[in-house]
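So the chains spell out like this:
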Amino acid sequence: MKVRLEQGDHGTWLLIAEDGRDLLIQTDWDYPGLASHLGWVPCTQCDQTDGTIDCAHRTVSEMISEARRFLDEKEGESFEDPGYFD
């Protein structure tokens with residue numbers, strides 16, 4: 001099933017499933033995981049973090065901020081549900 005990324009209120013995101021269900025993504029700690037489902041990579045130098053743990057090259061704060069910008073660029077895109085609605 002495909003899900004679509006939409007911006008919600010107050011810096012949140014919504015995932016909207018093809019069947020009409022939706023899921024609120026409201027904490028910034030969830031942004032790296034969500035962004036990675038759309039192709040974002042937290043650290044291309046080491047690939048040793050999911051974006052919520054510092055690595056040798058980047059801080060969590062940097063990665064969360066970058067993930068947020070990435071999501072802004074991907075608003076409206078659809079992707080295969082990786083398990084949000086299972």
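Please refer to the structure placed before this passage.
For the structure given in this document, a descriptive report is provided here. Please read all numbers here as calculations on a predicted model, not as lab measurements.

Points about the overall build of the protein
When its secondary structure is counted, the protein shows two helices and four strands. Along the protein, from the amino end to the carboxyl end, the secondary structure elements read β-β-β-α-α-β. Its C-alpha radius of gyration of 13 Å places the protein within 12% of the 12 Å reference for a compact globule of 86 residues. In terms of principal-axis extent, the alpha carbons of the protein reach across some 40 × 25 × 20 Å. For the protein, the residues scored as buried account for 34% of the 86 residues in total. Counted over contacts in the protein with a minimum sequence separation of 6, partners at least 24 positions apart contribute 50%. Counting every atom, the protein has about 5000 Å² of accessible surface; 44% of that belongs to carbon and sulfur. A distance of 4 Å separates the average location of the 7 positive side-chain charges in the protein from that of its 19 negative side-chain charges.

Points about the nonpolar core
Among the nonpolar cores identified, the biggest contains 19 residues, and Leu5, Trp13, Leu15, Tyr31, Leu34 and Leu71 are the most heavily contacted of them. Of all the secondary structure elements, the ones that give two or more residues to this core are β1 (2-7), β2 (13-17), α1 (31-36) and α2 (60-74). It is α2 that provides the largest number of residues to this core, a total of six residues. Once you skip the residues sitting within four places of it in the chain, Tyr31 turns out to touch Gly11, Thr12, Trp13, Ile25, Gln26, Ile64, Ala67, Arg68 and Leu71.

Details of the pattern of salt bridges
Any two side chains of opposite charge can pair, given that their charged atoms come close. For the structure on display, the rule yields six salt bridges. Here Glu77 ties to Lys74 by a salt bridge, and the two come within 3.8 Å at their closest N and O atoms.

So, α2
For α2, with 15 residues, the first-to-last C-alpha span of 21 Å sits near the 21 Å given by 1.5 Å per residue. For α2, every residue scored as buried is listed here: Val60, Met63, Ile64, Ala67, Phe70 and Leu71. When α2 is viewed along its axis, its buried side chains cluster within an angular range of 120 degrees and face the same direction. Looking at α2, the residues exposed on the side facing more than 90 degrees away from the buried face are Ser61 and Glu73. Where α2 is buried, its residues contact β1, β2 and α1. Just beyond α2, the residue with positive phi is Gly76, at close to 90 degrees.

Conventions adopted
Residues numbered from 1 in each chain as written. Predicted model: local features only at pLDDT ≥ 70, side-chain atom pairs only at ≥ 80, totals over all residues. Heavy atoms only, no water. Helix = DSSP H or I, 4+ residues; strand = E, 2+ residues; numbered from the N terminus. Rg over C-alpha atoms; globule rule 2.2 N^0.38 Å. Buried < 20%, exposed > 50% of the residue type's maximum accessible area, 1.4 Å probe, protein only. Contact = heavy atoms within 4.5 Å. Areas by Shrake-Rupley, 256 points an atom, 1.4 Å probe, with all protein chains shown as cover. Lys, Arg positive; Asp, Glu negative; His and termini not counted. Charge placed at Lys NZ, Arg CZ, Asp CG, Glu CD. Core = buried A, V, L, I, M, F, W, Y, C linked by side-chain atoms within 4.5 Å. Salt bridge = Lys/Arg side-chain N within 4 Å of Asp/Glu carboxyl O. Expected span 1.5 Å × (residues − 1). Arc of directions from axis to C-beta.

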